[in-house]
Amino acid sequence: MDPQQMAHTGPRKKRARQMGASMAATPQDIKFQDLVLFILEKKMGTTRRGFLMELARRKGFRVENELSDSVTHIVAENNSASDVLDWLQVQKIKASSQLELLDVSWLIECIGAGKPVEITGKHQLVVTEDYSASLSPSPQKTPPPAVKISQYACQRRTTLNNHNHIFTDAFEILAENCEFRENEGSYVVFMRAASVLKSLPFTIISMKDTEGIPCLVDRTKCVIEDIIEDGESSEVKAVLNDERYKCFKLFTSVFGVGLKTSEKWFRMGFKTLSKIRTDKTLKFTQMQEAGFLYYEDLVSCVTKAEADAVSVLVQEAVWAFLPNAFVTMTGGFRRGKKIGHDVDFLITSPGSTEEEEQQLLHKVVNLWKREGLLLYSDLIESTFEKLKKPSSKVDALDHFQKCFLILKLHHQKVDSGKSSQLQGKTWKAIRVDLVMCPYECHAFALLGWTGSRQFERDIRRYATHERKMILDNHALYDKTKRVFLKADSEEEIFAHLGLDYIEPWERNA
Ligand code: CTP
Ligand code: MN
Ligand code: MN
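Residues numbered from 1 in each chain as written. Chains lettered and ligands numbered in written order. Predicted model: local features only at pLDDT ≥ 70, side-chain atom pairs only at ≥ 80, totals over all residues. Heavy atoms only, no water.

S.K.: Which residues make up the coordination of the manganese ion (ligand 3), and what are the values?
M.R.: In this structure, Asp342 (OD), Asp344 (OD) and Asp433 (OD) serve as the protein donors to the manganese ion (ligand 3), at separations of 2.1 to 2.2 Å. Separating the manganese ion (ligand 3) from the manganese ion (ligand 2) is a gap of 3.6 Å, which Asp342 spans by donating to each of them. Separated by 89 residues along the polypeptide, Asp344 in strand S8 (residues 343-348) and Asp433 in strand S11 (residues 427-436) bring together distant segments of the chain. A relative accessible area of 8% places Asp344 in the buried class. What makes Asp433 buried here is its relative accessible area of 7%. (Donors = N, O, S within 2.8 Å, 3.2 Å for Na, K, Ca; no water. Helix = DSSP H or I, 4+ residues; strand = E, 2+ residues; numbered from the N terminus. Buried < 20%, exposed > 50% of the residue type's maximum accessible area, 1.4 Å probe, protein only.)

Following this line, the structure appears as structure tokens:
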């Protein structure tokens, strides 16, 4: 069969092929000097070979365009060892005993792992002398196990080990562009596609691999196909070059600037933050003033070490007033992320009065003000009304008292003299979110504030459509039985919903 056709089981778009330049890896990109790979085109096809070569090179493998004596590993697909040896003979290349003849499954595992994986029997090509062998399924033809993938992120385990970055990055850019254009429908389409690909235990390398995967509509399949064929998506490229996208991306990177303000600045023709910052006619909110003032610190991501240091500050301050309070780091860091745009905390205090509860964040903020650590704070009082039915809106905001802050985090003392990059400034501005919740709903609040956003959207959607229940950050309501279902832990909430428990680090949907 024509290898071009093989890759095209999905929807099709015509465009010019753009390979070549982006395919070449410079020598300094090579991480694994001992391996010299060559991928056999026979029975694989030019497109798929080119795609695999690019992927492998990006991961630091040395992949040769031509077969030579320096090649140590030959990778083939749908070829037996004798097929490869025959081919080598035609090429007049002597196969040394050190030369590894491997099935493409080995290379795919390597690409997934980002390093060479151990070669085992299942990877090595075998010489098939008799034809009976070709009748029984050979290892490389075994399809991936037919486990049905759920359309809901809350029924998938999504760790940070994303095998499909090349596709999910593209979808996230397209989704963001839809967000900037307030096109909610398309935003959801792209985010669901990104989310499902993040949960896959393998890298998609042909359209065939997308069969049976939910949430991939024609529109997203086209993007996948583009990337498989060309190594990039023309749609994504267009978005990245789009003025509106570029401006919105830049403007919303300022703390306190949302879509409304970005739209205004974009319409006024602004292109850079420095022009905006120095414009005499513009009025900024306090939040935006702080956003500009600490811009460089806030756009450089928060590390886990910084998050842990903030955690100590939060605990000390909270325990000074309510020694029995629980302080839990939520958000991305609870999901195991190594960096974040802020640090999120959930605070709850069993046995405290409503008054004490309401006062805590005020006291904490005042303490930091006195200590000179408070750079910005915006305290939102609770809008919680008892006996209120949970909201069925999947992106609903909650009613808890919360505080959006910028804190001054002093750099830890480092014993080595590597402090030149600090240039006199001994602290970094860090965005911190604090949420205070009544103890009865701490499990719901914890589940809600751990994210990811896509995971939250899907677990709510699942509750509504599959269980006739309403889940939000405060409660779980069973519409059939007309009762609130109590829970003391996240595990109990999953159990009420009839879901297998998904650990926080498996919620990176
Ligand atoms: N959240 C929420 N209501 C809000 C804001 C956030 O319920 N008004 C929840 C979301 O589910 C989100 C989590 O709190 O997943 C943390 O939000 P955020 O800090 O924005 O995202 P992270 O996942 O922590 O990512 P990042 O590393 O960028 O901070
Ligand atoms: Mn966060
Ligand atoms: Mn946050």
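S.K.: Describe the packing of helix H10 (residues 243-251) against helix H11 (residues 259-267), with residues and values.
M.R.: One way to put it is that H10 packs onto H11 with a least axis distance of 9 Å and a crossing angle of 125°. Between H10 and H11, the angle falls in the class oblique. Of the two possible hands of crossing, H10 and H11 adopt the one that is right-handed. For the pair H10 and H11, contact is made by Glu243, Arg244, Cys247, Phe248 and Phe251 and by Leu259, Ser262, Glu263, Trp265 and Phe266, respectively. Across the contact of H10 with H11, the residue classes tally to six nonpolar, one polar and three charged. (Axes fitted to C-alpha atoms, helices over the stretch in contact; angles between N-to-C directions. Parallel < 35°, antiparallel > 145°, perpendicular 65-115°, else oblique. Left-handed = near helix turned anticlockwise from the far one by under 90°. Contact = heavy atoms within 4.5 Å. Nonpolar A, V, L, I, M, F, W, Y, C, P; charged D, E, K, R; others polar.)

S.K.: With reference to specific residues and values, describe the packing of aromatic side chains.
M.R.: Counted by the stated rule, this structure contains 17 aromatic pairs. Here Phe38 and Trp87 contribute two aromatic rings whose centre-to-centre distance is 6.0 Å and whose plane-to-plane angle is 20°, an arrangement assigned as stacked. Taken as a pair, Phe38 in strand S1 (residues 37-39) and Trp87 in helix H3 (residues 81-90) lie far apart in primary sequence, 49 residues in all. On the accessibility criterion, Phe38 (5% relative accessible area) is buried. (Phe/Tyr/Trp six-rings, centres within 6.5 Å; stacked < 30°, edge-to-face > 60°.)

S.K.: I'd like to hear about the sheet that holds S1, residue by residue, with values.
M.R.: As summarised here, the arrangement of the four strands in space is S2-S1-S3-S4, forming an open sheet in which the pairing is parallel. Looking at which strands have only one partner, the edges of the open sheet turn out to be strand S2 (63-64) and strand S4 (100-103). Summarising the sheet, S1 and strand S3 (residues 73-76) pair through three bridges and their orientation is parallel. Bridging across to S3, Ile39 finds its partner in Val75. Strand contacts of helix H4 (residues 104-113): S1, S3 and S4, with the helix running at about 80° to S4, the strand carrying the most contacts. (Pairing = 2+ DSSP bridges.)

S.K.: An account of the nonpolar core is requested, with residue identities and associated values reported.
M.R.: In summary, soluble globular proteins display a tendency toward joint burial of nonpolar side chains. Counting residues in each nonpolar core, the largest one holds 50 residues, and the members touching the most others are Trp106, Leu107, Phe167, Phe171, Leu197 and Ile224. Contributing elements (two or more residues each) for this core: S1, helix H2 (46-58), H4, helix H6 (165-180), helix H7 (184-198), helix H8 (218-230), helix H9 (234-241) and H10. The residues touching Leu107, leaving out its near neighbours within four places in the chain, are Leu37, Ile39, Leu52, Ala56 and Val75. Listed in part, the 32 residues of the second largest apolar core include Ile347, Leu361, Val364 and Met436. (Core = buried A, V, L, I, M, F, W, Y, C linked by side-chain atoms within 4.5 Å.)

S.K.: Describe the confidence of the model for the protein chain, naming the residues involved and giving the relevant values.
M.R.: Of the residues in the protein chain, 86% reach a pLDDT of 70 or more, and the chain-wide mean stands at 89. Between residues 1-23, whose pLDDT stays under 50, and residues either more than four places distant or in other chains, the model counts 37 contacts. Below pLDDT 50 for its whole length, residues 129-143 participates in six contacts with residues either more than four positions away or in separate chains. (pLDDT = per-residue confidence, 0-100.)

S.K.: So what's going on with the pairing of strand S10 (residues 401-410)? Which residues, and what values?
M.R.: Remember that side chains alternate between the two faces of the sheet whenever the strand is regular. With eight of 10 residues buried, S10 lies mostly within the body of the structure. Relative to S10, strand S9 (residues 374-380) is paired through six bridges, and the arrangement is antiparallel. What sits directly across from Leu379, in S10, is Cys403. Two strands pair when backbone bridges link them, and S10 and S11 are joined in this way by 10 bridges, in the antiparallel orientation. Of the residues in S11, the one forming a bridge with Phe404 is Asp433.

S.K.: Before we move on, could you go through helix H19 (residues 453-467) and cite the residues and values that matter?
M.R.: When the terminal C-alpha atoms of H19 are compared, their 20 Å separation across 15 residues agrees well with the 21 Å that a helix rising 1.5 Å per residue should span. On its buried face, H19 is in contact with H7, helix H18 (442-450), strand S12 (469-471) and helix H20 (490-496). Trailing H19 by a residue or two, Lys468 shows a phi angle of about 50°, which is positive. (Expected span 1.5 Å × (residues − 1).)

S.K.: I'd like a description of the site of ligand 1, backed by residues and values.
M.R.: The environment of ligand 1 is made up of 16 residues, and the closest members are Gly332, Arg335, His341, Asp342 and Arg453. At 2.9 Å, a side-chain N or O of Arg335 approaches an oxygen atom of ligand 1. Here an oxygen atom of ligand 1 and a backbone polar atom of Gly448 are 2.9 Å apart. For ligand 1, whose unbound accessible area comes to 580 Å², protein coverage reaches 83%. Contributing elements (two or more residues each) for the shell around ligand 1: helix H16 (331-334), H18 and H19. In the shell around ligand 1, the residues fall into two nonpolar, eight polar and six charged. (Near = heavy atom within 4 Å. Polar contact = N/O pair within 3.5 Å; in protein donor to acceptor, adjacent residues only side chain to side chain. Areas by Shrake-Rupley, 256 points an atom, 1.4 Å probe, with all protein chains shown as cover.)

S.K.: Outline the UniProt feature "binding site: Mg(2+)" (unreviewed entry) in the protein chain, supporting the account with residue identities and numerical values.
M.R.: The positions that UniProt labels "binding site: Mg(2+)" (unreviewed entry) are, in the present scheme, Asp342, Asp344 and Asp433. Over a stretch of 92 residues, the named residues converge on one spot in the fold, their C-alpha atoms separated by at most 7.2 Å. Tracing the chain through its elements places Asp342 in the loop between strand S7 (339-340) and S8. In contact with Asp342, not counting residues within four places along its chain, are Val302, Phe333, Arg431 and Asp433. (UniProt positions renumbered as here; feature names shortened; annotations may be inferred.)

S.K.: Residue-level account of the environment of Gly50, with values.
M.R.: Its place among the elements puts Gly50 in helix H2. Spatially, the C-alpha atoms of Gly50 and Asn65 are 9.5 Å apart, while their sequence positions differ by 15 residues.

S.K.: Just give me the short version of the packing of H6 against H8, but keep the residues and values in it.
M.R.: Axis separation between H6 and H8 bottoms out at 10 Å; the angle between their running directions is 130°. As summarised for this structure, H6 and H8 are arranged oblique, according to the angle between their axes. The handedness of the crossing between H6 and H8 comes out as right-handed. Touching Ile166, Phe167, Ala170, Phe171 and Leu174 of H6 are Thr220, Val223, Ile224, Ile227 and Ile228, all from H8. In terms of residue class, the contact of H6 with H8 is built from nine nonpolar, one polar and no charged.

S.K.: Just give me the short version of the pattern of salt bridges, but keep the residues and values in it.
M.R.: If you walk through the whole model with that rule in mind, you get 24 salt bridges. Where Glu243 meets Lys246, a salt bridge forms, and the shortest distance between an N and an O atom there is 3.5 Å. One end of the pair is Glu243 and the other is Lys246, both in helix H10 and three residues apart, which spans about a single turn. The class of Glu243 is partly exposed, set by a relative accessible area of 35%. Arg267 is paired through a salt bridge with Glu263; the nearest N and O atoms lie 3.2 Å apart. Taken together, the positions of Arg267 and Glu263, both in helix H11 and four residues apart, correspond to about one turn of that helix. (Salt bridge = Lys/Arg side-chain N within 4 Å of Asp/Glu carboxyl O.)

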